[in-house]
Amino acid sequence: METISSKHYSIKQIFKENWEAYLAKHRDSIPDYVPLVIEKMLSCRDPEKLGYHKFACPDHPDQYIVVPHSCKCRFCTTCGKVLTDKWVDKVEAAFPNASFHHISFTLPDSLRELLHKHKFLLNCLFKASSMTMLSWAKERHFLPACLCAIHNFGNDLKTNPHIHMLVSSGGISLKTKRLNKWKYCKSFPFKMLNKRWRFLLIDNLKKAIKKYLKENPEPNDLSVFSHPGALNAFFDPLLSIKWYVHDSEELPYEDFTVSYVGRYAKRPPISERRILHYGPIPGGEGIYVTFSYRPRRGVPPCNWTVPVEKFIGLLIKHILPPNFRQVRHYGALANRVKAKYLKAMNKLLKKTKKGIRFLSWRYRQKAFKGKDPLLCTVCSKKMQLAEAAFFSKRKGCLTYYYPP
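Residues numbered from 1 in each chain as written. Predicted model: local features only at pLDDT ≥ 70, side-chain atom pairs only at ≥ 80, totals over all residues. Heavy atoms only, no water.

A.B. asks: If you had to explain the state of the cysteines to someone new, which residues and values would you point to?
C.D. replies: One covalent bond between the sulfur atoms of two cysteine residues makes up a disulfide. One pass over the structure, following the stated rule, counts zero disulfides. Unpaired in terms of disulfides, C146 finds its nearest cysteine sulfur in C148, a separation of 6.2 Å. We classify C146 as buried; its relative accessible area is 0%. Unpaired in terms of disulfides, C376 finds its nearest cysteine sulfur in C57, a separation of 3.6 Å. (Disulfide = S-S within 2.5 Å. Buried < 20%, exposed > 50% of the residue type's maximum accessible area, 1.4 Å probe, protein only.)

Okay, here's the thing in structure tokens:
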């Protein structure tokens, strides 16, 4: 059982007290988008920075509530939780009512640092894993529903990029154009998929690096691969070592594990429940952070104490570039064909339309506090919008709106 601290330490608190000192020391080595993400997270629910909505009772103007805007940032623990819940509901409503497999596509150690330094290469993981599954399924004349998410770190916050895939046990039969048959597939040949994944990933990485060097002829960190034979010399030996593709075996639809896949795709790399201590330690100089992690499944959790500077570095290195999609859909769930196949899959598998369980801010507050935050405490009437403020990037300040 994981050790839980009795005192709550927040990631926001740690960054609020130490980020400026860290940034001043390491600014040259941090990508430009990272400080923007941290600044956005630290501004969460600050009405002077992100704005607010003000609601007031129409009969008692002195009774009002100011609701500050959230940052809606994946690095924010609070907003990340809300985004995860919303996304989970959306995916569960779209995934077919079929058993599925939870597959993990992993990498050898020698590739992890390369992908960490050049994050555009992470796209190759999505492309190779989806091609691995869909090419095999196409040979069997069916199109499965696939959902892929990238986890860019391990339990100890070190770099460990890998793909989690949820794939239906079977799919729409491609032998008929009428989309009226579901082809069931109980198991996948993982020995073959392992080799195919290994080959396709290396092939896609080579192509991506060649394209990058062609578009960026000036000297850069990848220029070493421009020498003849350098790409093959680095990648080809990886074909002879063992890679791992882990399978959960067939799982019933009732055990749909999309919440696990989205847990770290939409939220920070570490749960705050795992932060056991923040502050000075006996015999040490400066501020330290102690957090728990599990080295591998079946092994008791360990505690790791690191200087706060290193802890911040471990977290921010997993912030991905803007607009990088950590969750992607393939097969029958791909955006360009989803409308075509979703209705057919639901009909074949007798799945009724599922309502979205995600609750708005008002109802979440009501469930948490036991009372409606938008009801006047004097007359119990519903409060109405009286004022709204939004941060304008163009003007660099708040802009105000007053309803008629």
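A.B. asks: An account of the packing of aromatic side chains is needed here, citing residue identities and associated values.
C.D. replies: Scanning the model with the defined rule gives 19 aromatic pairs in all. When the centroid spacing of 5.0 Å and the interplanar angle of 55 degrees are considered together, the rings of F105 and W197 count as tilted. With a gap of 92 residues between them, F105 in strand β3 (residues 100–105) and W197 in helix α7 (residues 190–215) connect regions that are remote in the sequence. With respect to burial, F105 and W197 carry one shared label: buried. (Phe/Tyr/Trp six-rings, centres within 6.5 Å; stacked < 30°, edge-to-face > 60°. Helix = DSSP H or I, 4+ residues; strand = E, 2+ residues; numbered from the N terminus.)

A.B. asks: Tell me about the environment of S240, residues and numbers included.
C.D. replies: When you line up the elements, S240 lands in the loop between α8 (230–235) and β7 (245–247). Engagement of the side chain of S240 in a polar contact is seen with the backbone oxygen of P237, the distance being 2.7 Å. (Polar contact = N/O pair within 3.5 Å; in protein donor to acceptor, adjacent residues only side chain to side chain.)

A.B. asks: Lay out the sheet that holds strand β13 (residues 397–401) with the relevant residues and their values.
C.D. replies: Judged by pairing direction, the sheet is antiparallel, and its four strands sit side by side in the order β2-β1-β12-β13 without closing on themselves. Each edge of the sheet is formed by a strand with only one pairing partner; in this case those strands are β2 (64–68) and β13. Strand-to-strand, the axes of this sheet are offset by a mean angle of 20 degrees, without reference to chain direction. One ladder, built from five bridges, connects strand β12 (residues 384–392) with β13; its direction is antiparallel. Bridged to F390 within β13 is T399. (Pairing = 2+ DSSP bridges. Axes fitted to C-alpha atoms, helices over the stretch in contact; angles between N-to-C directions.)

A.B. asks: Which residues make up the environment of C57, and what values do they have?
C.D. replies: Following the sequence through the fold, C57 ends up in the loop between β1 (51–56) and β2. Once you skip the residues sitting within four places of it in the chain, C57 turns out to touch Q63, C376, C379 and M383. (Contact = heavy atoms within 4.5 Å.)

A.B. asks: Break down a positive patch on the surface for me, citing the residues and quoting the values.
C.D. replies: A cluster of basic side chains, namely K40, R45, K72, K86, K90 and K393, defines a positive patch on the protein surface. Within the fold, K40 resides in helix α2 (residues 33–42). (Patch = residues over 30% accessible without salt bridge, like charges linked within 9 Å, V, L, I, M, F, W, Y side chains within 5 Å. Areas by Shrake-Rupley, 256 points an atom, 1.4 Å probe, with all protein chains shown as cover. Salt bridge = Lys/Arg side-chain N within 4 Å of Asp/Glu carboxyl O. Lys, Arg positive; Asp, Glu negative; His and termini not counted. Charge placed at Lys NZ, Arg CZ, Asp CG, Glu CD.)

A.B. asks: Which residues make up unusual backbone geometry, and what are the values?
C.D. replies: Even without being a glycine, L157 presents a positive backbone phi close to 75 degrees. With respect to the secondary-structure elements, L157 resides in the loop between β4 (142–153) and β5 (159–173). Of note in this structure, S380 is not a glycine but carries a positive phi near 65 degrees. Looking at the element boundaries, S380 is found in the loop between α12 (361–369) and β12. You can call S380 exposed: its relative accessible area is 52%.

A.B. asks: Which residues make up the sheet that holds strand β8 (residues 275–279), and what are the values?
C.D. replies: One open sheet holds the three strands; their spatial order is β8-β9-β10, and the pairing between them is antiparallel. Strands with a single pairing partner mark the edges of an open sheet, and in this sheet they are β8 and β10 (302–307). For this sheet, the mean angle separating the axes of adjacent strands, direction not counted, is 15 degrees. Relative to strand β9 (residues 288–293), β8 runs antiparallel, the two sharing four bridges.

A.B. asks: Please provide a residue-by-residue account of the pattern of salt bridges, values included.
C.D. replies: The final tally for this structure, using the stated rule, is nine salt bridges. Residue K25 is joined to E309 by a salt bridge in which the shortest nitrogen-to-oxygen separation is 3.3 Å. Of this pair, K25 sits in helix α1 (residues 11–26) while E309 is found in helix α10 (residues 308–316), placing the two residues 284 residues apart along the sequence. The exposure class of K25 is exposed, given its relative accessible area of 58%. Exposure remark for E309: the relative accessible area of 31% places this residue in the partly exposed category. In this structure, R196 and E139 form a salt bridge, with 3.3 Å as the shortest nitrogen-oxygen distance.

A.B. asks: Would you mind going over the nonpolar core in detail, with residue names and values included?
C.D. replies: I103, L111, F188, W197, L201, F225 and F235 are the most contacted members of the largest nonpolar core, which totals 45 residues. Elements that contribute at least two residues to this core include exactly β3, α5 (109–117), α6 (123–139), β4, β5, α7 and α8. Counting residues per element, this core draws most heavily on α7, which supplies ten residues. If near-sequence neighbours (up to four positions away) are discounted, F188 is found in contact with H101, I103, M133, W136, V167, S168 and L193. Counting residues in each nonpolar core, the second largest holds 34 residues, with C71, C76, I275 and L315 among its members. (Core = buried A, V, L, I, M, F, W, Y, C linked by side-chain atoms within 4.5 Å.)

A.B. asks: An account of α2 is requested, with residue identities and associated values reported.
C.D. replies: Of all the residues in α2, the buried ones are Y33, V34, P35, V37, I38 and M41. Buried residues in α2 make contact with α1 and α10.

Everything listed here is a matter of coordinates, which is why it stays silent on function.
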